[in-house]
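# Structural overview for review
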Amino acid sequence: MAVASTGLGRRALAAQDPLSQYLDDRAALTTDVMGEVLRIDLPQLRYPGAWDPRPGAMQQLASELRLRTRLEPVREPTTVTATSRQLFDTPFLYVAGMSGMPTLGPEAEGQLRRFVDLGGLLVFDAADGGVDLQFERDVREMLTRVLPGSLLTRVARDHVLFRSFYIVDEPAGRTRTFDHVLGIQEEGRLKVLLLRNDLGGALARKPDGLPAYPCTPGGPIQREWAIRFAVNILLYATCTDYKSDRAHVETLLQSRNWR
Amino acid sequence: MTERWQLIAGFMPPTWAIVLLAVCALAASAEALWALQRDALPLPARLAILALRLLAIAGLFAVAFELSLAIDHVREYGPRVVVLVDDSASMGIADRAAPRGPATARVERVQAFFADERTRETLATWRARGIDVEFRAFAESTQVMEEVVAKTGDEPEPLPLTADKPASNLARALSRLVGDPGDAASASSALDPRPLAGVVIVSDGLVAEDDGADAALVQIARELETPLTTISAGAPHLRDISVTRVRAGEFAFVENISEFEVELVAHGLAGEQTVVELRRDGVIIASTPLRLAADGVVMPLRFEVAPDRTGQFVFEVVVHPASGEATTANNRWPFVVKVLRDKVRVLHVSGRPDWDVRALRTLMRKDPNVELLSYYILRGLDDSDREDRSAPLSLIAFPTDALFEEELGSFDLVILHNFDAVNHRVGRYLGNIAQYVQEGGALVVIGGDLGLATGDYRNPDLAAIMPVDIQVPTGLDTRPFRPRMTDAARRHPVTARLAEAGFTRWDGLPDLDSYNPIQANASTRSGLHATTLLERQSPDEPGTMPLLMTAEPGRGRVLVLATGSTWRLGFAADLPLVDGARPYDLLWLGVIRWLLRDASSERLTLETDRASYGTHAPVTLRATALSTSYAPEPEVGIHWLVRPLTRDGLDEGSAPGGADAIADAIARGEWTTDSLGRASETLDPLPAGSYEATARRIEPDTLAEPVDGEVGVKDTAPHARRVFLVREAGHELAWLDADPGRERLARLAEATGGVALALADAGAELPVDLPLRSDGAAEGQENVESRRQIALWDSWGALLLVLLGFAGEWLVRRQSGLR
């Protein structure tokens, strides 16, 4: 079960009265031992300028993750600056922007370099959705300083990012301007992701709970795919290439008669 | 012996001083002569004056040159002939001069030859000519046969040969004839005053492994500048099959096919059928029939083996003997192979992905030797109820039966990482996991908000092997804390590298922020060898609480880490790195190394002083015991034994053996370790074969029922094991055909101007006129046996002589009226 509890192992179900066994086991647990829960944060970078063009996007993603997966994100994701020690509280950082991103300065860029070197994942999200490429240009320029020699390249469609939870064909966001995402892939992992279809725009909600921005051209269906892709990003961040393990690939291929 | 006198100057002044002395002496002598002719003195007085002056001058010269008188005792020696006789194991082989003739051992043929009247007469003739004849036996080294040298040839006695040495090194034997300053035996040759005039080599000629060694041998023989007369002891007809070569790596990998290439050679058995077996620790694991080829034809074979477990094993290629074989010692070729893990199979199960799961997975994925199988629970029951069932998911079912029942034994390491076992139908397999550990598996339980926190490991079998109480849900405390290393942690392989890097007080390391308040399992802890490596200060009361504990139940190992936040040791703003490695890497690589029983993490080790022994060599076993905190452990009782892994011999008609043919222990005993945790035993030389030595700790829970009044130790107790070989003759007997040896000896004789004989030929006779050196060295020479030296200057006598010379002349002059 990478795994759904509904799956509960078809083989396990075939064993001796598994349901009663399960209920017995479950009842034996001390249900009042709650303790605390290990929660994960989805921090967003705060910087001078339009650092939060899609307010509430991470909050909504945390909510979707809680509803759809076993991850336990915090209800109120934090924001951090690049120079703060809190940057290293989580090896994941969401960086949104619109119409450009200012230079953060050597200290901040040094911290981001260390963040990535120690295993962190930077996710840049261009809120313009492909209309204005200034944010992308600024991110590219910053990355040449933070990770000199590293190249932003197209993340292949068969990358585990597209099947870390949902099987997703394209990286939809509020728009579908680009059919791919860019990333820096080194040492067997994605260090940086650059999303250009305004994923935050698809996630963000108004205070009344309704979507803050329409998804074009696909409407609600596109939004659902955008949410699924966002879920995949967090599952990739926590499980890395888990879904490319041989056992998973073979099982998936068999179940879909893909070979 | 004669005596010879000579004057020796002990000091040689500079040339100018010698010239000055000579001029002065001549002047003094001339002046004395001239003065005496001028004066009218009687002749005796003139002669006395002259003699006294010459005496004074001589005395001065004796002092100036420190003259001594040397008396030499000189002896004249005749030339020397060395007879080198091969005493290696191949000389014990019986072969035939004719196909149906009687088989005679080569060494017996040699002994008969030298006991023969004609040979003895020839030797007597040589000696009569002033030739000293010296017999030497050669094998790996050379030995002078004193008793033969001492004999004058009056009484025929067989040469004292045993023909059981493991190799014959003729090149070394020849080199020692002229002396090697670094070698004691050959140094005596270098000092031997008798000139080497000739060499006789008596051997089967099986003294070089290949053409390269052959050429080197000829070169060494030529450098002697002495004719080599060779006598081949072999005969052309032989009945034998031998394993001549086995190509096998020193290491193999579990579940990977290793190839062992075998070459066999037979003589006199063409067309006969035999069986070739491959055995591991005495048990046949493969066999193949073989029809034997013509004489000397190399028959290649190949065995493919996929070892099923790690360890050190004796493999052995064994050929069933044919009737009437010259020897069966060459029908087997044992070799030791160390089987290693190719890839470590790790099962990583997590109840919820988080940064700790990510960090551990990333670390293990970096290691190409780890085959990682991960199952992470990505969606719970309630999640799936909310899910759009049409959404294409990449989730797969959790194959609990396959993982925890069918395949569990195939994993080297199982990691339960913040895993709520009961929720996912694994609760009923916890007993399997306990048994897996007891049988040698490794288990890691990592804390978090599931599993330990929720009491998901509540199983009596599992509880019995855990160093902590897992029956009680611990909950989770997320207050940051700074762990502390215990004393044991400084030496324990899990934490030793962190300690070496200076993190014993956690200085510079990030705080951890999740903790399952576990309690040590007091009821079973003593039998588990439980050790606490990390602990934390109790936040609510005085005292400490365990954070990282290890245990060694049965044959397995268990580690419990009561936090899900060690990932922070690899991700922090000011994280100190140690040679580029993060503290997280140091900790977890130590964990994995210890759990997988890396050699350096064993607490009981057993070593032999060598991997292979001769049949005359004692065998030394050494054991070292370490405590659970990896400090030397004194006063540990260790039960040890040595047993053969193969049967003693392959006698004709014996059936192929198996495990049931393995004999009982041939030596056993008990040790108590010293203050440094050491113990050792030296065994008397063992017969040829392969052996297994094992050592087991004697502890209350490992004692078995007494047998014959002796207390034994259960086979299931953790043990250390070594295998070793005792070889009778190395590979000396791999090639036995005498024909190549005879040709080799003939080439040596031809290259050095000697003659070649073969004992198998009718009428072979030692030549009366043995080819000797023709450059005069064979004429003999004088040798100074001793010298006595008398100093002429360094005594009162010399001084008195000088005074007498000067004072006497003065007195004579005065009495003669001269001034």
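Residues numbered from 1 in each chain as written. Chains lettered and ligands numbered in written order. Predicted model: local features only at pLDDT ≥ 70, side-chain atom pairs only at ≥ 80, totals over all residues. Heavy atoms only, no water.

This part takes up the overall build of chain A. Helix and strand counts for chain A stand at eight helices and seven strands. Contacts in chain A between residues far apart in sequence, at least 24 positions, make up 74% of those at least 6 positions apart. Carbon and sulfur atoms form 53% of the exposed surface of chain A, whose accessible area is close to 10900 Å². (Helix = DSSP H or I, 4+ residues; strand = E, 2+ residues; numbered from the N terminus. Contact = heavy atoms within 4.5 Å. Areas by Shrake-Rupley, 256 points an atom, 1.4 Å probe, with all protein chains shown as cover.)

Residues and elements named next belong to chain B. Per the stated rule, a full pass over the model turns up 64 salt bridges over all chains. The shortest N-O distance in the salt bridge between R106 and D95 comes to 2.7 Å. Residue R106 is found in helix α3 (residues 106-115), and its partner D95 is found in strand β4 (residues 94-95); the two are separated by 11 residues along the sequence. With relative accessibility at 0%, the residue D95 sits in the buried group. Note that R247 is salt-bridged to E261, the shortest N-O span being 3.8 Å. One end of the pair, R247, is in strand β10 (residues 240-247); the other, E261, is in strand β12 (residues 258-267), with 14 residues separating them in the sequence. (Salt bridge = Lys/Arg side-chain N within 4 Å of Asp/Glu carboxyl O. Buried < 20%, exposed > 50% of the residue type's maximum accessible area, 1.4 Å probe, protein only.)

Okay, the sheet that holds strand β25 (residues 557-561) of chain B next. Residues and elements named next belong to chain B. Read across the open sheet, the eight strands follow the order β19-β18-β20-β21-β25-β24-β23-β22; overall the sheet is mixed. Edge strands, defined here as strands with exactly one partner in the open sheet, are β19 (370-376) and β22 (484-485). With respect to the sheet, helix α16 (residues 583-595) is in contact with β20 (413-417), β21 (442-446), β24 (544-551) and β25, its orientation differing from that of β25 by roughly 155 degrees. (Pairing = 2+ DSSP bridges. Axes fitted to C-alpha atoms, helices over the stretch in contact; angles between N-to-C directions.)

Residue and element names in this part refer to chain B. In the predicted model, chain B carries a mean pLDDT of 85, and the fraction of residues at 70 or more is 89%. Mean pLDDT per element in chain B: helix α7 (residues 184-191) is the minimum at 54, and β21 is the maximum at 97. In this model, residues 648-663 is a region of pLDDT below 50 whose contacts with residues beyond four sequence positions or in other chains number 36 contacts. (pLDDT = per-residue confidence, 0-100.)

What follows concerns the packing of helix α3 (residues 57-68) of chain A against helix α7 (residues 219-239) of chain A. Residues and elements named next belong to chain A. Where α3 meets α7, the axes come as close as 10 Å, and the angle between the chain directions of the two elements is 80 degrees. One way to sum up the angle between α3 and α7 is to call them roughly perpendicular. Here α3 contributes L61, E64, L65 and R68 to the contact with α7, which in turn contributes E224, I227, R228, A230, V231, L234 and L235. Of the residues assigned to the contact of α3 with α7, the class counts are seven nonpolar, no polar and four charged. (Parallel < 35°, antiparallel > 145°, perpendicular 65-115°, else oblique. Nonpolar A, V, L, I, M, F, W, Y, C, P; charged D, E, K, R; others polar.)

A separate point is empty space enclosed by the protein. All names here are of chain A. One pass over the full model with this rule turns up two cavities of 30 Å³ or more. As a volume, the largest cavity reaches approximately 50 Å³. Every residue lining the largest cavity is listed: M58, L61, F92, Y94, V123, L195, L199, L203, A230, I233 and L234. Contributing elements (two or more residues each) for the lining of the largest cavity: α3, β3 (92-97), α6 (199-203) and α7. When residues in the lining of the largest cavity are grouped by element, the largest group, three residues, is from α7. Its residues placed into classes, the lining of the largest cavity shows 11 nonpolar, no polar and no charged. In this structure, the second largest cavity occupies an estimated 40 Å³ of space. Around the second largest cavity sit P171, A172, F178, H180, V181, L195, R196, N197 and L199, which together line it. Here the residues of the lining of the second largest cavity sort into six nonpolar, two polar and one charged. (1 Å grid on protein atoms, 1.4 Å probe; cavity = no way out; pocket = protein on both sides within 12 Å on 5 of 7 lines; lining within 4 Å. Points joined across faces, edges and corners; volume = space filled by probe spheres on them.)

What follows is about the packing of helix α2 (residues 43-64) of chain B against helix α18 (residues 796-815) of chain B. All names here are of chain B. The N-to-C vectors of α2 and α18 enclose an angle of 155 degrees; their axes lie 7 Å apart at closest approach. As summarised for this structure, α2 and α18 are arranged roughly antiparallel, according to the angle between their axes. In the packing of α2 onto α18, the handedness of the crossing is left-handed. Taking contact as the criterion, the partners of A45, I49, L52, R53, L55, A56, G59 and L60 in α2 are, on α18, L801, V802, L804, G805, F806, G808, E809, V812 and R813. The residue inventory of the contact of α2 with α18, partitioned by class, reads 11 nonpolar, three polar and three charged. (Left-handed = near helix turned anticlockwise from the far one by under 90°.)

Below, the discussion takes up unusual backbone geometry. All names here are of chain A. Backbone torsion omega between T216 and P217 reads 5 degrees, so that peptide bond is classified as cis. Among the structural elements, P217 can be located in the loop between α6 and α7. Located in the positive-phi region is E187, a residue other than glycine, with phi close to 55 degrees. Secondary-structure assignment places E187 in the loop between β6 (182-186) and β7 (189-195).

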